[in-house]
Amino acid sequence: MDFNMAIILGLYLVGLLAIGAWASRKIRSSEDFIVAGRNLGFWLLTLMIVASICSGMTILGTSGLGYIGGWPTIWEQIFVPLSAAFVILVYGTKLHAISERMGYITIQDYLAQRFYSQRGLRGLSAVAGILVSLIYLVGQYVAISMVLSWMLKISYTDALLIGAIIVMIYTIMGGLYAIAWVSLVQGLLIIIGVLAVSPFIIQSAGGLTHVNNVLAGIDPNYVRIWYPQMHPPYAKYAFMTPMYLVSFFFLLTFGLASAPHVINNVLSARSQKFFKWSPLAAFVLYLIVMYLVKISGFASRVMVEEGMIALPTNVSNAQDYAFVVAAMHIFPNIAGPLVAVIVLSAVMSTTDRLMLTIGSYVGWDIYKMFFNKKASDRSITLVSRIAIVFSVILTLILAWRKPPELLAFLIWMGIGIMLATFVVPILAGLYWRRATREGALASMSLGLIGALVAGWYHWFVSPLPVHFSFYGFILSIAAMVVVSLLTRSPPVDVLDTTMTGMYIRPKSER
Amino acid sequence: MFGLPTETLIAVTMVPGIIALVLLGWALRWS
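Quick look at the overall build of chain B
- Secondary structure summary: chain B contains 1 helix and 0 strands in total.
- Roughly 1,900 Å² of accessible area belongs to chain B as shown, and the carbon and sulfur atoms make up 76% of that amount.

Rendered as structure tokens:
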């Protein structure tokens, strides 16, 4: 047990809670609680999107994937920043305009109105949204316990318990009220931390050219843009083939952009004008951070190959520790706390959004819609909080077992379910006037079933050549088109109030 | 350069570059 580390971590958490307490004085109702009072400024909006996409998995999983897969995995660092731009530009511009008029709190409020089905759409999106958020939360817990166990020199399960207690205290103390401000601080900490640590990791591995020469010596494909097209791949890490990349593009750019904890951020912007420059700002900012983290993963591989550092041997996902171990090697005294703060910030900024997402699904979409139509604001908030506590306990149990070989696989599983269920209804809802209620319900349920069956086949029968979610995505497109064309057109007044049509910027705003 | 094959270097710089240009175009068309 390392007491200096524990003290620094304690100070960091107290600081976050202090910001939370200061910001929560501005919050008055449960609606404010969710949309942060619809008052996000330009940089607050841009950093909120970046901070909610950037999770603990992003820092650890990205460098872990780079460690094992080399340059062909760099596409992840192009598609993920692109998803930040995508959610702001393709979804956000129009959703924000509709939401300003209609007062939406969450994405399911939009779907329920656009597809004139309060119960069906809310029920289905709650099932998919809670499932995704739980998978994601497990990934965050794994990330937090990896860092804590390495930093504090305690066992993985002890670290998991400490991590869960930290998250619980943080949530119950009202950390959620202050999500916007805390996210801003966390987003800045992640960016500054990565900019400060990564160049030194690359430098001490011998510089970029040396890193690439060593990589090319291990496997010439490590410096190519993809692995040769063959199924099954010639090695476990060589799955990033041209065919796989197609499914990977949809998975990350569309799937991640549709995650509830990401897309709900665009509803809280203060002004429509922000959607002009925010896509470019989010893309460039995140691209730089992600490239640095990924190249740090390459550099840590070289440091291991040359015997400068050693990864832990008694864990199932050793390569996910690459960033942490490399940083600790270079700055033995200051990197520990610094890396812990970067990863904790990344974990917390995503975890609080996830908790809020689960809470609002259970409170508003399940409890109020199905069990108690006349529920008061206070009782909905209470139900939301109980749901949050339950989800922490459930994910703790799920994370207790050994983590998968790569953290990235776990997170992509969650995003994959997103791709198969939410992408088609949101895109068709915003841009296709012929998309009907029946089409949306069919597309969500068939997409979910398709993804689950393909996932089961991939893990338990035989590996598939593209990401399993792609099959569900194709099914959900087919279901949306066929079922919509076979059923009656949506009411025109619904289409007009929800600004449906083939344009991005609403006419009234131009 | 940087120990990378030319096609890799082009891909990892030009693809983000083109995306950034498209997003810049979006901002400039907004009036």
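So, the overall build of chain A
- A tally of regular secondary structure across chain A gives 21 helices and 0 strands.
- Among the 510 residues that make up chain A, the fraction classed as buried is 63%.
- By sequence separation, contacts in chain A at least 24 residues apart represent 83% of the contacts at least 6 residues apart.
- Accessible surface, chain A: about 18,300 Å² in total, of which carbon and sulfur atoms supply 69%.

Some words on the nonpolar core
- Judged by nonpolar contacts, the single largest core of 178 residues is most densely connected at Ile59(A), Trp71(A), Val87(A), Tyr91(A), Phe248(A) and Trp412(A).
- Contacts of Ile59(A), omitting those with residues within four sequence positions, involve Cys54(A), Ile190(A), Val194(A), Val293(A), Phe323(A), Ile342(A), Val343(A) and Ala346(A).

Here's the deal with the packing of helix α19 (residues 437-460) of chain A against helix α20 (residues 469-486) of chain A
Residue and element names in this part refer to chain A.
- Where α19 contacts α20, the axes come no closer than 7 Å and their chain directions differ by 160 degrees. With respect to each other, α19 and α20 are oriented roughly antiparallel. Seen along the crossing, α19 lies across α20 with a hand that is right-handed. Judged by residue contacts, Glu438, Gly439, Ala440, Ala442, Ser443, Leu446, Gly447, Gly450, Ala451 and Ala454 of α19 engage Tyr471, Gly472, Leu475, Ser476, Ala479, Met480, Val483 and Ser484 from α20.
- Residue composition of the contact of α19 with α20, by class: 10 nonpolar, 7 polar and 1 charged.

Quick look at the pattern of salt bridges
Residue and element names in this part refer to chain A.
- Tallying each qualifying case throughout the model produces 6 salt bridges over all chains.
- Across the pair aspartate 365 and arginine 122 runs a salt bridge whose closest N-O atoms are separated by 2.6 Å. Pair noted here: aspartate 365 is in helix α15 (residues 335-371) and arginine 122 is in helix α7 (residues 118-152), with a separation of 243 residues, a long-range link. Each member of the pair, aspartate 365 as well as arginine 122, carries the same accessibility label: buried.
- In this structure, arginine 301 and glutamate 305 form a salt bridge, with 2.9 Å as the shortest nitrogen-oxygen distance.

Re the interface of chain B and chain A
- Residue-level contacts link 19 residues of chain B with 27 residues of chain A.
- Approximately 2,100 Å² of surface area, both sides summed, lies buried where chain B meets chain A, with 77% of it carried by carbon and sulfur atoms.
- When the area that chain B buries against chain A is broken down by residue, the three leading residues are Leu23(B), Trp26(B) and Trp30(B), summing to 32%.
- At the junction of chain B and chain A, the tally comes to 0 salt bridges.
- For the pair chain B and chain A, the interface holds 3 residue pairs in polar contact (both at pLDDT 80 or more).
- Partitioned by chemical class, the residues of the side of chain B that touches chain A number 15 nonpolar, 3 polar and 1 charged.

Rules of the game
- Residues numbered from 1 in each chain as written.
- Chains lettered and ligands numbered in written order.
- Predicted model: local features only at pLDDT ≥ 70, side-chain atom pairs only at ≥ 80, totals over all residues.
- Heavy atoms only, no water.
- Helix = DSSP H or I, 4+ residues; strand = E, 2+ residues; numbered from the N terminus.
- Areas by Shrake-Rupley, 256 points an atom, 1.4 Å probe, with all protein chains shown as cover.
- Buried < 20%, exposed > 50% of the residue type's maximum accessible area, 1.4 Å probe, protein only.
- Contact = heavy atoms within 4.5 Å.
- Core = buried A, V, L, I, M, F, W, Y, C linked by side-chain atoms within 4.5 Å.
- Axes fitted to C-alpha atoms, helices over the stretch in contact; angles between N-to-C directions.
- Parallel < 35°, antiparallel > 145°, perpendicular 65-115°, else oblique.
- Left-handed = near helix turned anticlockwise from the far one by under 90°.
- Nonpolar A, V, L, I, M, F, W, Y, C, P; charged D, E, K, R; others polar.
- Salt bridge = Lys/Arg side-chain N within 4 Å of Asp/Glu carboxyl O.
- Buried area = accessible area lost by both parts, 1.4 Å probe.
- Polar contact = N/O pair within 3.5 Å; in protein donor to acceptor, adjacent residues only side chain to side chain.

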